[in-house]
Amino acid sequence: MDLRGIEKIVKETEGSITEKKETLVSILSNRTDDVDEHGTPDSSASIDSGTALQLFLDHIPVSSVTAIPNPPVLKLTTQDSLRYAIRTMHDNDVFAAPITDTVEFDPDNINHSDPYVGIIDLASMLLWFLKECEDYFRNKRDDDMRYEFTSGIFSMLEQVDHIAETKIGELAKSCLWEPFFPINSHDTLFHVLLLLSKHQLHLVPIVKGHKSNITGFITESAVVDLLLQSSGLEWFDNIADKAMLDFRFDKQAATVYEDQSVGEAMNMLWVNRICAVAVVQRQTESIIGCVRTSDVYHLLDYEDIFNNRKTVTMDHFIQLETSTADSDPTVDQKIVATSPALDSDETVDRDLDALTATTESSPTSTQSLSLRKKLLPRMNKPAIFRTTDSLKQAMETLARRKTNVCFLVNDVQQVTGMLTLSDIISQFAPPCMDSRITGGRFFDDALEQSGCDVKDRTLIFDSNR
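Report follows, based on the coordinates. (Residues numbered from 1 in each chain as written. Predicted model: local features only at pLDDT ≥ 70, side-chain atom pairs only at ≥ 80, totals over all residues. Heavy atoms only, no water.)

## Notes on the sheet that holds strand 2 (residues 96-100)
Selection criterion: Two strands make a pair as long as DSSP finds a minimum of two bridges between them. What counts as a helix is a DSSP run of H or I of at least four residues, what counts as a strand is a run of E of at least two, and both are numbered from the N terminus.
With mixed pairing, the 3 strands of this open sheet are ordered in space as 1-2-3. Edge positions in the open sheet fall to strand 1 (76-77) and strand 3 (116-121), since each of these has one partner strand only. Here 2 bridges tie strand 1 to strand 2, and the two strands are oriented parallel to one another. Paired with Thr77 across the strands is Thr100, a residue of strand 2.

Structure below.
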């Protein structure tokens, strides 16, 4: 069957991605026109796996694969201070927020189609703030002046005023912003794939109406969940069933020893601009845990860990049991000792079952932007794979654990590399310039000022403009 035949079937089939897939598989399995006179598959009728899969995904609208929530979305402005942003996002249990310009928004101005200029996450702001404070204290010449904070990070935000009052707009210079690339509910899953893979985004906002009201977010985790629903399609399986060594993933993993401090790990996250750092044993170099940017919020909730971040070691920090922290963030025992029973696969499955239960009533997209109202995978239970494992195995595990990173290891569990959801998603989206993809007001203005436009997937320069 050629591409036009596939497109016709997918386009005319009603329902979700799973229903479209099942219809397509059923029709294809009963066809006889793709075999020769001897009943042997006709190679001339075969279609490139990547092309066929992309065509399939390009007929799956976002509205048909996820329930778009309509929650109140926390928004920041370029003139808000760092102190205000951290406090507000923490109090509202929000991990990321869109940024609006302070210029009054005019919905009738076609050149200003939306008021948003970027997205910022809480972890990046916290790591930037800690690094700026460390540099400031290190450069102080007054040796008699001591800076001790015994009431947590919020105390520091109040006392280091010149850093805490930094405007959100100024943080763009430190590359803390993520571009704002909105989609509509009628856009397709392939559209989202292109945005995430080609612009290195971690989430895509869904907007509605001429005022560009945000109705929800599509995250990398949600996209991988949706991609896995294509399992069973030969085109998807031809890619996903390959061993990870076939993809030549070469992203190096940053590691920290179990006897190094929490402060050192946080500094490593910031300096390397990475989403996670592996925790390894000093003697064996084998992995025993990991710290992700999503775990940084613990510094806000646990004052003793923050105040002693230069002495609390990683082997203690990774034992934090997020289920305990979520149920009672005021518990006296801030660091929960892990019993030997927690090392069993049964316990991991128990945690994952609890995670599934907490997210069934809410879409993955909203849960991923919450700090605490979901059961995060424990830091001492990192997702690990060998390069001989398949890409689909990694996708299924990351989707089940609701985490965005796994580590590649050798036979003695020494870390050889790192794999993120971005790396996985990029395998399903080819290099392409899609004229349907807009970058919001920033890119509209930039293209207009440069005399350029995107038409039919090509950048056009108009010398008469």
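Right, picking up where we left off after that structure.
## Digging into the nonpolar core
Note the threshold: The definition of a nonpolar core used throughout is a set of buried Ala, Val, Leu, Ile, Met, Phe, Trp, Tyr and Cys residues joined through side-chain atoms within 4.5 Å. Burial status follows relative accessibility: with a 1.4 Å probe on protein chains alone, a residue under 20% of its type maximum counts as buried, one over 50% as exposed, and anything between as partly exposed. Contact definition: two residues touch when any of their heavy atoms are within 4.5 Å.
Ranked by internal contacts, the top residues of the largest apolar core, which has 54 residues, are Ile86, Met125, Phe129, Met266, Val291, Met314 and Phe317. Looking at which element gives the most residues to this core, the answer is helix 6 (residues 122-138), with 9 residues. Apart from the residues lying within four places of it in its own chain, the contact partners of Met125 are Leu82, Ala85, Ile86, Met89, Ile120, Ile168, Leu171 and Leu176. Judged by nonpolar contacts, the second largest core, of 53 residues, contains Ile60, Ile183, Ile239 and Met244.

## Considerations on the sheet that holds strand 7 (residues 276-280)
Stated formally: Axis lines are fitted to C-alpha atoms, over the contacting stretch for helices. Their N-to-C directions set the angle, which ranges from 0 to 180 degrees.
Across the sheet, which stays open at both edges, the 3 strands sit in the order 6-7-8 with mixed pairing between neighbours. A single partner strand is all that each edge strand has here, and the edge strands are strand 6 (255-257) and strand 8 (287-292). Adjacent strand axes in the sheet meet at a mean angle of 30 degrees when their direction is disregarded. The pairing of strand 7 with strand 8 spans 5 bridges and is antiparallel. Bridging from a neighbouring strand, Val279 pairs with Gly289 of strand 8. Most of the contacts of helix 12 (residues 262-272) go to strand 7, to which it runs at about 140 degrees, and overall it touches strand 6, strand 7 and strand 8.

## Topic: empty space enclosed by the protein
Condition: Using only the protein atoms, space was sampled on a 1 Å grid; points where a 1.4 Å probe fits but cannot get out form cavities, open sets with protein on both sides within 12 Å along at least five of seven lines form pockets, and lining residues are those with an atom within 4 Å of a point. Grid points are joined across faces, edges and corners, and a volume is the space filled by probe spheres set on the points. Throughout this entry, Asp, Glu, Lys and Arg are counted as charged residues, while Ala, Val, Leu, Ile, Met, Phe, Trp, Tyr, Cys and Pro are counted as nonpolar. The remaining residues, Gly among them, count as polar.
Summed over the entire model, instances satisfying the criterion amount to 2 cavities of 30 Å³ or more. Among the residues making up the lining of the second largest cavity, the classes are represented as 5 nonpolar, 1 polar and 3 charged.

## Re the state of the cysteines
Two cysteines whose sulfur atoms are joined by a covalent bond form what is called a disulfide. Just so we agree on the cut-off: Counting rule for disulfides: a pair of cysteine sulfur atoms within 2.5 Å.
By the definition in use, this model includes 0 disulfides. Between Cys275, a cysteine without a disulfide, and Cys290, which holds the nearest cysteine sulfur, the sulfur-to-sulfur distance is 9.0 Å. Its relative accessible area of 16% is what places Cys275 among the buried residues. For the unlinked cysteine Cys406, the closest cysteine sulfur is that of Cys275, found at 9.8 Å.

## Here's the deal with the side chain of Asp187
Under the convention used in this document: Polar contact is the term for a pair of N or O atoms within 3.5 Å; when the atoms are in protein, one must be able to donate a hydrogen and the other to accept it, and sequence-neighboring residues count only if both atoms are side-chain atoms.
Looking at where Asp187 falls in the secondary structure, it is placed in the loop between helix 8 (161-164) and helix 9 (189-198). Polar side-chain contacts of Asp187 include one of 2.7 Å to the backbone nitrogen of Asn184. Those residues in contact with Asp187 that sit more than four places away from it in its chain are Ile60, Pro61 and Val62.

## Structural notes on the pairing of strand 11 (residues 415-420)
The sheet contact formed by strand 10 (residues 405-409) and strand 11 spans 5 bridges and is antiparallel. Across the sheet, Cys406 pairs through a bridge with Leu419, a residue of strand 11. Linking strand 10 back to strand 11 in an antiparallel pair, the connection comprises 5 residues, with Gln413 at a positive phi of about 60 degrees.

## Re the pattern of salt bridges
The cut-off we apply is this: In the sections that follow, a salt bridge refers to a side-chain nitrogen of Lys or Arg positioned within 4 Å of a carboxyl oxygen of Asp or Glu.
Counted by the stated rule, this structure contains 14 salt bridges. For Asp225, the salt bridge is made with Lys402, and the minimal N-O distance between the two is 3.0 Å. In this pair, Asp225 is assigned in helix 10 (residues 220-228) and Lys402 in the loop between helix 19 (391-401) and strand 10, connecting sequence segments 177 residues apart. Exposure remark for Lys402: the relative accessible area of 24% places this residue in the partly exposed category. Among the ionic pairs, Arg282 bridges to Asp259, the shortest N-O distance being 2.9 Å. With Arg282 in the loop between strand 7 and strand 8 and Asp259 in the loop between strand 6 and helix 12, the pair connects residues that are 23 residues apart, well separated along the chain. Look at the salt bridges and you will find they share partners, linking Arg83, Glu158, Asp161 and Glu165 into a network.

## Some points on helix 5 (residues 82-91)
For helix 5, the buried fraction is high: 7 of the 10 residues fall into the buried class. Looking at helix 5, one finds that the buried residues are Leu82, Arg83, Ala85, Ile86, Thr88, Met89 and His90. With its phi angle positive at about 55 degrees, Asp93 sits one or two positions after the end of helix 5.

## Some remarks on the packing of helix 5 against helix 6
The packing of two helices is summarised by the inter-axis angle and the distance between the axes. To keep things clear, this is the line we draw: Note on terminology: angles under 35 degrees are roughly parallel, angles over 145 are roughly antiparallel, angles of 65 to 115 are roughly perpendicular, and the others are oblique. By the definition used in this description, the sense in which the near helix is turned from the far one sets the handedness, with an anticlockwise turn below a right angle giving left-handed and a clockwise turn giving right-handed.
Packing of helix 5 against helix 6 brings their axes to within 10 Å, and their N-to-C directions diverge by 135 degrees. In terms of their interaxial angle, helix 5 and helix 6 are classed as oblique. Two packed elements cross with a definite hand, and for helix 5 against helix 6 that hand is left-handed. Along its contact with helix 5, which presents Leu82, Ala85, Ile86 and Met89, the element helix 6 presents Leu122, Met125, Leu126, Trp128 and Phe129. Looking at the contact of helix 5 with helix 6, its residues break down into 9 nonpolar, no polar and no charged.

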